[in-house]
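Structure at a glance
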Amino acid sequence: MEYFTFGQKELRVTQNYHGTTSHKLHWYKAKKVCDYPIDIAGRDDNKSPYYATVDMKVVAIRGIGNSMTNTIWLVATEKCMTPSGEFTPFIALTHWNDNDPYITNLQVGSIVKKGHPICEEGIDGATANHLHMVCGNADRGCGNELIKNGNKTASGGDVWVSNGYCMKPEEVMFIDREFTTKELWGGCLVWKEKPQIKYYPKSLYRGSSLVDGLKSVGITSSFLNRSKIAKENGISRYRGNASQNVQLLNLLKQGKLIQAS
């Protein structure tokens, strides 16, 4: 199972969800729906890309060519491990420009593969390059639209938030220190680091039995333990059938079978 992680190589939060500039009204005393946005900006003056850290499917693109601020919503193609447990996360990214070099290749239904850019920071509806990010649990409601939450700004304008089951970013994504190598400012949020992945020893077993392969490196081969190992390696409903066992055995022979926690 993949860990869901933050998608920029440098972490710089310029406004967290407590920000009185605009963000606090997204959730504080909200009469309808709410979200918990952060603004991220990488390094000053750069248009840093935001990358997919797992395979993600585009569910909505709004704003190009009209008055709505440019926003894209994506959902992970499979359940992921998050700081709050296992679920299917979604993200919404706002403020990229109409001519964004990555967005131009995307449409609803497109899959952005792990490691590929989704978009880069922009100024659509903003005064400086950055991205406004919202995320949440798609299993309880995937975002795909901006709606009024019932609050008003100081000037009397409406507060627009993402629909869906939104959560605080640090509840949805880890920080992968091998990818996000610099933390310029974490926004006073308590981010959890992605756990280090541990693998079972590579097996030299040449047969076709998963049970015997596990025994060859001293791993308990009971169905219960195989179920735990399968879940850790992306098989959520292990039944012990041939295709599942072959998949796990191949990983074991390659030294890429993740240890059960």
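Residues numbered from 1 in each chain as written. Predicted model: local features only at pLDDT ≥ 70, side-chain atom pairs only at ≥ 80, totals over all residues. Heavy atoms only, no water.

**Notes on the environment of R226**
- Take R226: it is sitting in helix α3 (residues 223-232).
- Remark: the alpha-carbon pair of R226 and E183, spanning 43 residues in sequence, is separated by 38 Å.
- If we ignore the near neighbours within four places in the chain, the residues touching R226 are L210, V211, L214, S221, Y238 and N245. (Helix = DSSP H or I, 4+ residues; strand = E, 2+ residues; numbered from the N terminus. Contact = heavy atoms within 4.5 Å.)

**With respect to helix α4 (residues 242-254)**
- Taking 1.5 Å of rise per residue, the 13 residues of α4 would be expected to cover 18 Å, and the 18 Å separating its terminal C-alpha atoms lies within 8% of that figure.
- Just downstream of α4 lies G255, where phi reads positive at about 75°. (Expected span 1.5 Å × (residues − 1).)

**A closer look at the packing of aromatic side chains**
- Inspection of every chain in the model, using the stated rule, returns eight aromatic pairs.
- Here the aromatic rings of Y17 and Y36 are separated by 5.9 Å at their centres, their planes lie at 85°, and the arrangement is edge-to-face. Here the residue Y17 occupies a position in the loop between β1 (10-15) and β2 (38-40), and Y36 occupies one in the loop between β1 and β2, the gap between them amounting to 19 residues. You'll find Y17 and Y36 in the same group, each marked buried.
- Here W27 and Y36 contribute two aromatic rings whose centre-to-centre distance is 6.2 Å and whose plane-to-plane angle is 25°, an arrangement assigned as stacked.
- According to the relative accessible area criterion, Y36 is buried, its value standing at 17%.
- Feature note: the residues Y17, W27, Y28 and Y36 constitute an aromatic cluster, connected by ring pairs.
- Here K24 stacks its cationic end above the ring of Y28, 4.7 Å away from the centre of that ring.
- The ring of Y165 is capped by R140, whose NZ or CZ atom sits 4.1 Å from the centre of that ring. (Phe/Tyr/Trp six-rings, centres within 6.5 Å; stacked < 30°, edge-to-face > 60°. Buried < 20%, exposed > 50% of the residue type's maximum accessible area, 1.4 Å probe, protein only. Lys NZ or Arg CZ within 6 Å of the ring centre and 35° of its normal.)

**Some thoughts on the pattern of salt bridges**
- Here the structure, examined in full by the defined rule, presents 11 salt bridges.
- One salt bridge in this structure joins R62 and E145, with 3.5 Å as the shortest N-O distance. Highlighted residues: R62 in strand β4 (residues 56-62) and E145 in the loop between β11 (131-137) and β12 (146-152), separated in sequence by 83 residues.
- Owing to a relative accessible area of 28%, R62 belongs among the partly exposed residues under this scheme.
- What makes E145 partly exposed here is its relative accessible area of 24%.
- Residues K231 and E86 are paired through a salt bridge, measuring 3.4 Å at the closest nitrogen-oxygen approach. Remark: E86 occurs in strand β7 (residues 85-87) and K231 occurs in helix α3; sequence separation between them is 145 residues.
- Look at K231 and you get partly exposed, because its relative accessible area is 38%.
- Connected via shared salt-bridge partners are K148, K152 and D158. (Salt bridge = Lys/Arg side-chain N within 4 Å of Asp/Glu carboxyl O.)

**Some thoughts on the side chain of S110**
- Secondary-structure assignment places S110 in the loop between β8 (89-94) and β9 (111-112).
- Of the residues examined, S110 reaches a relative accessible area of 14% and is grouped as buried.
- If we skip the residues at most four places from it in the chain, S110 touches M56, K57, V58 and N105.

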